[in-house]
Amino acid sequence: MLYLSTPSSPTVRAAMSAGLIGCMTTPNQGNRIPAGTVWAADNGKFGKNYVGDQAWLSWLCRMVKRYGSEKCLFAVAPDVPFDAAATLECSRPWLAMIRALDLPAAFCAQDGAETDGMAPWDEFDVLFIAGSDKFKLGEHAKALATEAIARGKTVHVGRVNSHKRLLIADALGAASCDGTFLRYGPNKNLPKVLDWLGQDQAAAAVRAGPDLSGRERHWHPKPSSWISADGRIHAPEGYRTHVVHGAHCDERDCEACIHDCHCARCNPWCYCDRPPNPMLPGGEMRFSDDGRLTAEGLVALADELAEALGPPWVHDRTNQMYYRTELASPEDDWRISIEVAPGRHKATATGLTPTLDGRWWKDSEQATIGFTASRDPEAIVADMRRRLFPAYARALDIERASIAAELIRRNYFAKQAGHLQTRLPADARPDLSVRDHRFDAHWKGRGGSYNRVDLDHLGNTVRLDLREVPVSIACAVIDLLGGRTPPQPMAHNRSSAPRRHARRRAASRHRRPKARRP
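Now for a quick tour of the structure. (Residues numbered from 1 in each chain as written. Predicted model: local features only at pLDDT ≥ 70, side-chain atom pairs only at ≥ 80, totals over all residues. Heavy atoms only, no water.)

Scanning the protein from terminus to terminus reveals 13 helices and 25 strands. Counting the 518 residues in the protein, one finds 42% classified as buried. Across the protein, contacts joining residues at least 24 apart in sequence account for 49% of those joining residues at least 6 apart. (Helix = DSSP H or I, 4+ residues; strand = E, 2+ residues; numbered from the N terminus. Buried < 20%, exposed > 50% of the residue type's maximum accessible area, 1.4 Å probe, protein only. Contact = heavy atoms within 4.5 Å.)

This next bit is on unusual backbone geometry. Cis geometry marks the peptide bond from proline 311 to proline 312; its omega dihedral reads 5°. Within the secondary structure, proline 312 is located in the loop between α9 (295-309) and β16 (314-316). The backbone of phenylalanine 82 shows a phi angle near 70°, a positive value even though the residue is not glycine. As for its position among the elements, phenylalanine 82 is in the loop between β4 (72-76) and α3 (84-100). Judged by its relative accessible area of 42%, phenylalanine 82 is partly exposed. Of note, the phi angle at aspartate 102 is positive, near 65°, even though the residue is not glycine.

The next thing to look at is the nonpolar core. Within the largest apolar cluster, 57 residues are counted, with the highest numbers of intra-cluster contacts made by Tyr3 and Ile21. With six residues, the single largest contributor to this core is helix α2 (residues 53-67). (Core = buried A, V, L, I, M, F, W, Y, C linked by side-chain atoms within 4.5 Å.)

In this model α3 runs 24 Å from its N-terminal to its C-terminal C-alpha over 17 residues, within 8% of the 24 Å that 1.5 Å per residue would give. The complete set of buried residues in α3 reads Ala84, Thr87, Leu88, Cys90, Ser91, Trp94, Leu95 and Ile98. In this structure, the buried side of α3 is in contact with α2, β4 and β5 (105-109). At the exit of α3 stands aspartate 102, carrying a positive phi of roughly 65°. (Expected span 1.5 Å × (residues − 1).)

A few words on the sheet that holds strand β6 (residues 126-129). Pairing is parallel around the closed barrel formed by eight strands, whose spatial order is β1-β2-β3-β4-β5-β6-β7-β8. Strand-to-strand, the axes of this sheet are offset by a mean angle of 30°, without reference to chain direction. The pairing of strand β1 (residues 2-5) with strand β8 (residues 176-178) spans three bridges and is parallel. Within β8, the position partnered with tyrosine 3 by the bridge is cysteine 177. (Pairing = 2+ DSSP bridges. Axes fitted to C-alpha atoms, helices over the stretch in contact; angles between N-to-C directions.)

Below, the discussion takes up the pairing of strand β7 (residues 154-157). Two strands pair when backbone bridges link them, and β6 and β7 are joined in this way by four bridges, in the parallel orientation. Its bridge partner being in β7, phenylalanine 128 is matched across the sheet by histidine 156. By the bridge criterion, two bridges tie β7 to β8 in an arrangement that is parallel. When the sheet's bridge partners are listed, histidine 156 is paired in β8 with serine 176.

Let's shift gears to the packing of aromatic side chains. Taken as a whole, this structure holds 10 aromatic pairs when the rule is applied. Their ring planes at 80° and their centres at 6.0 Å tell us that phenylalanine 46 and phenylalanine 82 sit as a pair that is edge-to-face. Of this pair, phenylalanine 46 sits in the loop between β3 (39-41) and α2 while phenylalanine 82 sits in the loop between β4 and α3, placing them 36 residues apart in sequence. Members of the aromatic cluster, each reached through a chain of ring pairs, are Trp313, Trp334, Phe389 and Tyr392. Lying across the ring of tyrosine 50, lysine 45 places its NZ or CZ 4.8 Å from the centre. Against the face of phenylalanine 124 rests lysine 153, its NZ or CZ located 5.5 Å from the ring centre. (Phe/Tyr/Trp six-rings, centres within 6.5 Å; stacked < 30°, edge-to-face > 60°. Lys NZ or Arg CZ within 6 Å of the ring centre and 35° of its normal.)

Once that is clear, we can look at a nonpolar patch on the surface. A contiguous nonpolar surface patch, about 340 Å² in accessible area, is contributed by Met321, Tyr322 and Tyr323. Mapped onto the fold, tyrosine 323 is located in the loop between β16 and β17 (324-329). For tyrosine 323, a relative accessible area of 31% corresponds to the partly exposed category. (Patch = residues over 30% accessible without salt bridge, like charges linked within 9 Å, V, L, I, M, F, W, Y side chains within 5 Å. Areas by Shrake-Rupley, 256 points an atom, 1.4 Å probe, with all protein chains shown as cover. Salt bridge = Lys/Arg side-chain N within 4 Å of Asp/Glu carboxyl O.)

What follows covers the environment of phenylalanine 82. Separated by 30 residues in sequence, phenylalanine 82 and glycine 112 have C-alpha atoms that sit 8.1 Å apart. Beyond its immediate stretch of four places on either side in the chain, phenylalanine 82 contacts Phe46, Gln110, Asp111, Gly131 and Ser132.

Let us now look at the pattern of salt bridges. Inspection of every chain in the model, using the stated rule, returns 15 salt bridges. Between aspartate 316 and arginine 335 there is a salt bridge, with its nearest N and O atoms 2.8 Å apart. On the criterion of sequence distance, the pair formed by aspartate 316 in strand β16 and arginine 335 in strand β18 (residues 334-340) is long-range, its members being 19 residues apart. For the pair shown, aspartate 316 and arginine 335 are each scored as buried. Linked through salt bridges whose partners overlap, the residues forming this network are Asp316, Arg324, Glu326, Arg335 and Glu339.

Here it is as structure tokens:
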């Protein structure tokens, strides 16, 4: 049984070159095939961002030109996942083209392939067991694999990511299988795959070798340690894991509690552990026991970010709370909220937009990014400049244009409200204030209201909503409720029109007639 995977790390590529495993490649993968490696070409239909049939064929031709066809196990024709009838219609035109490139053609057996006529046996060389788990692990896949072997075809099984699945593929008589098990944690999972394949010596050699990332074995602080203000690493009392020249020490009050790290990507802290909890100058911890930023840690983070941003950015603590604080740039009139986010060492930065009454409002639609608070402040600031600042600048341009339009609307309504105020009785209770529409919409759902008038009429309170009512109609309604007769528009003088028409007819009689054209 040969296991095919992606060349995801230097040690995996070395194992491929040694013939321990094979390489499965797709158009979207982009990795080079290691020298001397047995490889197979998948079409990439199972997943996202399929390149298209013509682009897939062009890519396959380039692969043959670059790596040759001698080491290629098969090339999978375009298929339709989980649909045997559609796969037959989609794959059939491409099988002959694959063979024309001197490559073994692979046909995917999808759900429903057990029906007669769903497998063009004479047109392909490799039966690729695909489809859903129910189909792949059922009797239909077993029957198809048995028939394929009887016809002299090779069987391959896809999506094999456990030892149990590999045993099932071996029971089907498959010569090869593939999976994404080595894509995630290749350095840790490669020895497991070699153990599945029965290559115990190779697995032991990989485990005993250097770090699979290419670096030597390295050490890191334990999660229970912290960094003091002097930069030294401290550990709680009772730990005895400090290593001195390869030997563990027995110092009970050791200040460098560390552990052996096998992680492939350690920059600057390994992924299998979390960074130590830095101690602030006042003795407080930057993070709590569950990994969230403390109030003191948030203040320290904001001070570091303001320093990294440089002038004119400052840490403004005017609206500071235990879970949020703000960075301000007075010259540019920018303001960014730094808040504690759920999760270990997580925080968010949100651009705030101004309102007409001088407040700053955080809208969920505005620019927001998340970041890890334990990162270097310079890296966080670089991320903010790249991801947050462009979106925030666009949001501010839109918001300031809206504020200008709101000022024009507010001035107009102030004049109309003044005219309406003169028509109100003495016992009216008006609320004719006009505020920012977006902010008011937020508070309206919490019982607030504006632009209304409460009138007492016959012992009842009549409420007028004047947001959409023209002022002239509102004045007429108020006059009626107050028992006054609204002013009537001037009536049209019926006698003036006939006299006007008579004068026009008399004037037309005395006009000199226009000369006619010959």
